[in-house]
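Single-letter residue listing:
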Amino acid sequence: MRFPLSTISGRTKVAAVVGYPIAHSGSPKIHNAAFTACGLDWVYAAFPCNVGSASQVVAAMRTLGLAGLSVTMPLKTEIAGYVDALTPAAQALESCNCLYWDNGQIIGDSTDGVGFVRAFEFETGVSLKEKKVAVLGAGGAARSIVEALGAAEASEILVVNRTAQKAKSAAHLARQARVGSYEEVAAADVVINTTSLGMEGGPDPKSSPLPAQYLRSNQIVYDIVYQPRQTVLLKAAKNVGASTYGGLSMLVHQAAAAFELWTGEKAPIKAMNDAVC
Ligand code: ATR
């Protein structure tokens, strides 16, 4: 079923992504496919909003009655200071990527980490509980993932990053986390790349964030990079016989978590996945 634009009415609910730049965002495709698949009278747009606009964005959500907002760079941290309340994850991370309504209040949440956990467990069929996990990188994505791995009860979380201070800060986000070394990654059950190494259009698309000698055949290697589908890291992991997964599913599952907060309905994962494939 498709909702042609001519069906938009005075009752249509509006959700959107805010950030800058925004023109190439994949979110409208994913969310509009989800609304259509569920037969919801909702539409999802993209609004370019730059640094310094967070308070106006929250005011606009209230004034215009926007039903939900996705928040991306560069507003994720700034907007956390203007919502009515933060979820525990958003509070720990001091960052929001999703705004939703609860009892007339605008709540800021961070669905990246939970999106990762849901994507990982959906794709692999393996629970992260009691797993020893190595996280490569310590930027915004890594921080969300470390926090969510803590909540998912991973037994140990090693944060391995070029800049030690950032690794230390990320490791504070979960009781089970500590700063680790490349050598220690060899003993992990799960390896997650959150750095931009290997990403098309990134600073170093031909590099891997981990020397191949630390990869093992019994590991599950998940690269949150999704462009290209097969990164240098994933190729090396495949070569040693490890199970490999690219980042497209995290994109879908963090959007699914937002969809569920907004609509209260179960997200149509297949339709959302088809929209990005
Ligand atoms: P995001 O919000 O997507 O996580 P980010 O906050 O810019 O992006 O973080 C990028 C991550 O990739 C960081 O961990 C960064 O390492 P530093 O903390 O040392 O900067 C890592 N990264 C980027 N380029 C790298 C490189 N050439 N070698 C190693 N790590 C790199």
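Right above here is the structure, for reference.
What counts, and at which threshold
Residues numbered from 1 in each chain as written. Predicted model: local features only at pLDDT ≥ 70, side-chain atom pairs only at ≥ 80, totals over all residues. Heavy atoms only, no water. Near = heavy atom within 4 Å. Polar contact = N/O pair within 3.5 Å; in protein donor to acceptor, adjacent residues only side chain to side chain. Nonpolar A, V, L, I, M, F, W, Y, C, P; charged D, E, K, R; others polar. Buried < 20%, exposed > 50% of the residue type's maximum accessible area, 1.4 Å probe, protein only. Helix = DSSP H or I, 4+ residues; strand = E, 2+ residues; numbered from the N terminus. Arc of directions from axis to C-beta. Contact = heavy atoms within 4.5 Å. Pairing = 2+ DSSP bridges. Axes fitted to C-alpha atoms, helices over the stretch in contact; angles between N-to-C directions.

**Student:** Can you lay out the site of the ligand for me, pointing to particular residues and giving the numbers?
**Tutor:** Taken together, Gly137, Ala138, Gly139, Gly140, Ala141, Asn161, Arg162, Thr163, Lys166, Thr195, Ser196 and Leu197 make up all the residues around the ligand. Within the side chain of threonine 163, one N or O atom sits 2.5 Å away from an oxygen atom of the ligand. Looking at the shell around the ligand, its residues break down into 3 nonpolar, 7 polar and 2 charged.

**Student:** Any details on helix α8 (residues 232-239)? Residues and values, ideally.
**Tutor:** Those residues of α8 that fall on the buried side of the exposure criterion are Leu233, Leu234, Ala236 and Ala237. With its buried residues spanning 160° around the axis, α8 presents them on a single face. Residues of α8 that are exposed and angled more than 90 degrees away from the buried face: Lys238 and Asn239. Looking at the buried positions of α8, the neighbouring elements they touch are β10 (190-193), β11 (220-223) and β12 (243-245). Following α8 by one or two positions, glycine 241 has its phi on the positive side, about 95°.

**Student:** Mind laying out the sheet that holds β12, listing which residues take part and the relevant values?
**Tutor:** Strand order in the open sheet formed by 6 strands is β9-β8-β7-β10-β11-β12, and the pairing between neighbours is parallel. In the strand order of this sheet, the two ends are held by β9 (177-179) and β12, each with one partner. The sheet shows a mean angle of 20° between the axes of neighbouring strands, taken without regard to direction. Examined bridge by bridge, strand β8 (residues 156-160) and β9 share 3 bridges and lie parallel to one another. Of the residues in β9, the one forming a bridge with isoleucine 157 is alanine 177. The strands that helix α4 (residues 112-124) touches are β10, β11 and β12; relative to β11, the one it contacts most, it runs at about 135°.

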